[in-house]
Amino acid sequence: MRNSTWFLTLIGTLLAISSLLVLHAAISRAGGGARLASNRELLRRLKLSDLCLFTEARYTRHPAMADRHAAFQDHPMALEHFPSGSLMSPPDFRREAP
Amino acid sequence: MNRRIERHRNILDFAISSLLRRKGKNLSLLAVYAFIVFIIASIVFFTQALKREATLLLEGAPDLVVQRMVAGRHDPIPITYGDKIAAIRGVSAVSPRLWGYYYDPFTGANFTLVASDDDPPAKESIYIGSGVARIMRLTTGVHWSLRGAKGTPAVFSVQKILPGNSELVASDLIQIREDDFRALFDFPLGRATDLAVVVGNKVEVPTIAAKISRQFPDTRPILKSEMLRTYDSVFDWRGGMVLVILSVAVLSFVLFAWDKATALSAEERKEIGILKSIGWETGDVLLLKSFEGMVISLTAYLVGVSVAYLHVFFFSASLFEHALKGWSVLYPRFGLTPVIDPYQLCVLFFLTVGPYTVATIVPSWLAATVDPDAAMRS
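Report on the accompanying structure. For clarity, every value in this text was computed on a predicted model and none was experimentally measured.

About the cut-offs
- Residues numbered from 1 in each chain as written.
- Chains lettered and ligands numbered in written order.
- Predicted model: local features only at pLDDT ≥ 70, side-chain atom pairs only at ≥ 80, totals over all residues.
- Heavy atoms only, no water.
- Core = buried A, V, L, I, M, F, W, Y, C linked by side-chain atoms within 4.5 Å.
- Buried < 20%, exposed > 50% of the residue type's maximum accessible area, 1.4 Å probe, protein only.
- Helix = DSSP H or I, 4+ residues; strand = E, 2+ residues; numbered from the N terminus.
- Contact = heavy atoms within 4.5 Å.
- Salt bridge = Lys/Arg side-chain N within 4 Å of Asp/Glu carboxyl O.
- Pairing = 2+ DSSP bridges.
- Phe/Tyr/Trp six-rings, centres within 6.5 Å; stacked < 30°, edge-to-face > 60°.
- Lys NZ or Arg CZ within 6 Å of the ring centre and 35° of its normal.
- Axes fitted to C-alpha atoms, helices over the stretch in contact; angles between N-to-C directions.
- Parallel < 35°, antiparallel > 145°, perpendicular 65-115°, else oblique.
- Left-handed = near helix turned anticlockwise from the far one by under 90°.
- Nonpolar A, V, L, I, M, F, W, Y, C, P; charged D, E, K, R; others polar.
- Buried area = accessible area lost by both parts, 1.4 Å probe.

## Points about the nonpolar core
Generally speaking, a soluble globular protein has its nonpolar side chains buried in company with each other.
(1) Moving on: Membership of the largest hydrophobic core comes to 81 residues, with the highest contact counts inside it found for L53(A), F45(B) and F46(B).
(2) Moving on: The element that contributes the greatest number of residues to this core is helix α2 (residues 23-57) of chain B, accounting for 17 residues.
(3) Moving on: Once you skip the residues sitting within four places of it in the chain, F45(B) turns out to touch V305(B), A308(B), Y309(B), V312(B), F313(B), V339(B), I340(B) and L345(B).
(4) Moving on: L98(B), L138(B), V158(B) and I174(B) belong to the second largest nonpolar core, which has 22 residues in total.

Structural data, given as structure tokens:
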């Protein structure tokens, strides 16, 4: 077999796999509706405001409820030492009374 | 037309033979290149899917959450604040939220306790998330003793385990009755952790938040849009660990390109000289070298992106697990709904395939423009 035929077959196969993955994404999105709806209902029922991504510290478990200075909240020299703190930056909002 | 295609195929044949002559070097190049694409594509897939999930899920979150601040710290809020907030024009409902954390000294895990009057468990019973059941090895009907605020144990019966597909929302959750919650934590009557506010017209939410801030200077309202924005910053490229990963990936890639751009081996120069001396045009040589670059970069891109998709959506991003888990004992096991963002993939394509192909062509062009005799002797 010519090298080019071998290479084009390889690229064709990889493109076919990529197309299957795109198809998988579309099917999963369509099928994930029920799970999403039940989770949203649970969130509404319990009035939750955060996702359960990181359970290691209060401010990473509920980042939307945390302070911007959350990493330093325990004492003035308490530097950020949780790995998840480097994956999620602190919230940039704070509404202070005028 | 056929002649032109045949000419290009012949050059492609030659390019692949040329790559196969340096099999070891090119295969290792392909592997590292594919790995870099895999890492970046995994972050892109994971982040996009998580952000989409957060946006869709947090649609069910309260429009506003009002916290009370005392000396700069979050403090239980008097429920009477809720009555006054409910009187603000535009507010549909205000309900107190009772939630807190429970640290289990035996496992070292932190759980989130939530009291809700909507479908509450029976007296002295709890609903638990799948993560809690997994780590505490609990099943429905068994009893679990929690240590109360006064040091006395409080025994609860596990009435229900929340479904496994709700781990992204409730993995570490323990749902408890309000009176049990107050008794367990000795939580003062007339106070709540914070207040959830429902606003009829969503456009008015910022105005109502400003009114609450003015009326209750010791409170801090948090808008739903702000909760959503918080999750926009997950895996933000400026974040510590992601910045490190991206820097390593980009620097490795620059190193590749630099190696390619500067270190055209003597053997490759000689090869170009021979090709020119037997009648190849400069354009043919450039086409040959761009095909060599494309064979490597296109294969690496397609392999890297496909494996990244499998990694994130079939194997739950297991390589990121240690980074996500951190020091936490309870790690939620959640599957994400796949999201493919064509824009991000196109950017990744042009940032990887383009520069590499250019880096392959430039030194070859320089070598191809010199005299064949000089190139062969170099």
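Don't stop here, the text continues.
## Examining the environment of A109(B)
Residues and elements named next belong to chain B.
(1) Moving on: The residue A109 is located in strand β5 (residues 109-115) in this model.
(2) Moving on: On the accessibility criterion, A109 (1% relative accessible area) is buried.
(3) Moving on: Placed 195 residues apart in sequence, A109 and G304 show a C-alpha to C-alpha distance of 36 Å.
(4) Moving on: If we skip the residues at most four places from it in the chain, A109 touches Y102, Y103, D104, I135, V329 and L330.

## Considerations on the pattern of salt bridges
All names here are of chain B.
(1) Moving on: Following the criterion strictly, the structure yields 23 salt bridges over all chains and no others.
(2) Moving on: K224 is paired through a salt bridge with D63; the nearest N and O atoms lie 3.6 Å apart. Of this pair, K224 sits in helix α8 (residues 224-232) while D63 sits in the loop between α2 and β1 (64-70), and the two are 161 residues apart along the sequence.
(3) Moving on: Relative accessible area serves as the criterion here: at 14%, K224 is assigned to the buried category.
(4) Moving on: For R68, the salt bridge goes to D218, with nearest N and O atoms at 2.9 Å. A residue pair is termed long-range when its members are at least 10 positions apart, and R68 in strand β1 and D218 in the loop between α7 (205-215) and β12 (219-223) qualify at 150 residues.
(5) Moving on: Given a relative accessible area of 22%, D218 falls into the partly exposed group.
(6) Moving on: One continuous salt-bridge network, built from bridges that share partners, spans K123, R177, D179 and D180.

## Regarding the pairing of strand β11 (residues 194-199) of chain B
Within a regular strand, side chains alternate between the sheet's two faces.
Residues and elements named next belong to chain B.
(1) Moving on: With five of six residues buried, β11 lies mostly within the body of the structure.
(2) Moving on: Relative to β11, β1 runs antiparallel, the two sharing three bridges. Directly across from L64, in β11, lies its bridge partner V197.
(3) Moving on: Bridge analysis of strand β4 (residues 91-104) against β11 gives six bridges, and the strand direction is antiparallel. Bridge pairing in β11 links R97 to D194.

## A word on the packing of aromatic side chains
Residues and elements named next belong to chain B.
(1) Moving on: The tally for this structure, following the rule as stated, stands at 14 aromatic pairs over all chains.
(2) Moving on: Here the aromatic rings of F181 and F185 are separated by 5.0 Å at their centres, their planes lie at 70 degrees, and the arrangement is edge-to-face. Here the residue F181 and the residue F185 both occupy positions in helix α6 (residues 178-185), the gap between them amounting to four residues, near one helical turn.
(3) Moving on: Under the relative-accessibility criterion, F181 is labelled buried at 1%.
(4) Moving on: Among the residues examined, F185 registers a relative accessible area of 23% and is labelled partly exposed.
(5) Moving on: Seen in terms of ring centroids, Y301 and F349 are 5.0 Å apart; in terms of plane orientation they differ by 85 degrees. Their pairing is edge-to-face. Remark: F349 occurs in helix α13 (residues 342-368) and Y301 occurs in helix α11 (residues 282-313); sequence separation between them is 48 residues.
(6) Moving on: By relative accessible area, which is 8% here, Y301 ends up buried.
(7) Moving on: Above the face of the F14 ring, R21 is positioned so that its terminal group lies 5.9 Å from the ring centre.
(8) Moving on: The ring centre of Y127 lies 4.5 Å from the NZ or CZ of K160, which sits over that ring.

## Observations regarding the packing of α11(B) against α13(B)
Residues and elements named next belong to chain B.
(1) Moving on: At a minimum axis separation of 8 Å, α11 and α13 run at an interaxial angle of 150 degrees. Relative to α13, the element α11 lies roughly antiparallel. In terms of crossing hand, the pair formed by α11 and α13 is right-handed. Residues T282, V285, L286, K289, S290, G293, M294, I296, S297, L298, Y301 and V305 of α11 touch α13, and the partners they reach there are L345, L348, F349, T352, V353, Y356, T357, T360, I361, S364, W365 and A368.
(2) Moving on: Here the contact of α11 with α13 is built from residues that sort into 15 nonpolar, eight polar and one charged.

## Here's the deal with the interface of chain B and chain A
(1) Moving on: Between chain B and chain A, the residue contacts involve 96 residues of the former and 61 residues of the latter.
(2) Moving on: Summing the contributions of chain B and of chain A, the shared interface buries around 7,000 Å²; its carbon and sulfur component is 61%.
(3) Moving on: If you sort the residues of chain B by the area they bury against chain A, V169(B), R220(B) and Y231(B) come out on top, with a joint share of 9%.
(4) Moving on: One can count six salt bridges joining chain B with chain A.

## Notes on the side chain of H62(A)
(1) Moving on: Tracing the chain through its elements places H62(A) in the segment after α3 (58-61).
(2) Moving on: Ignoring sequence-local partners within four residues, the contact set of H62(A) consists of D50(A), W99(B), Y101(B) and T112(B).

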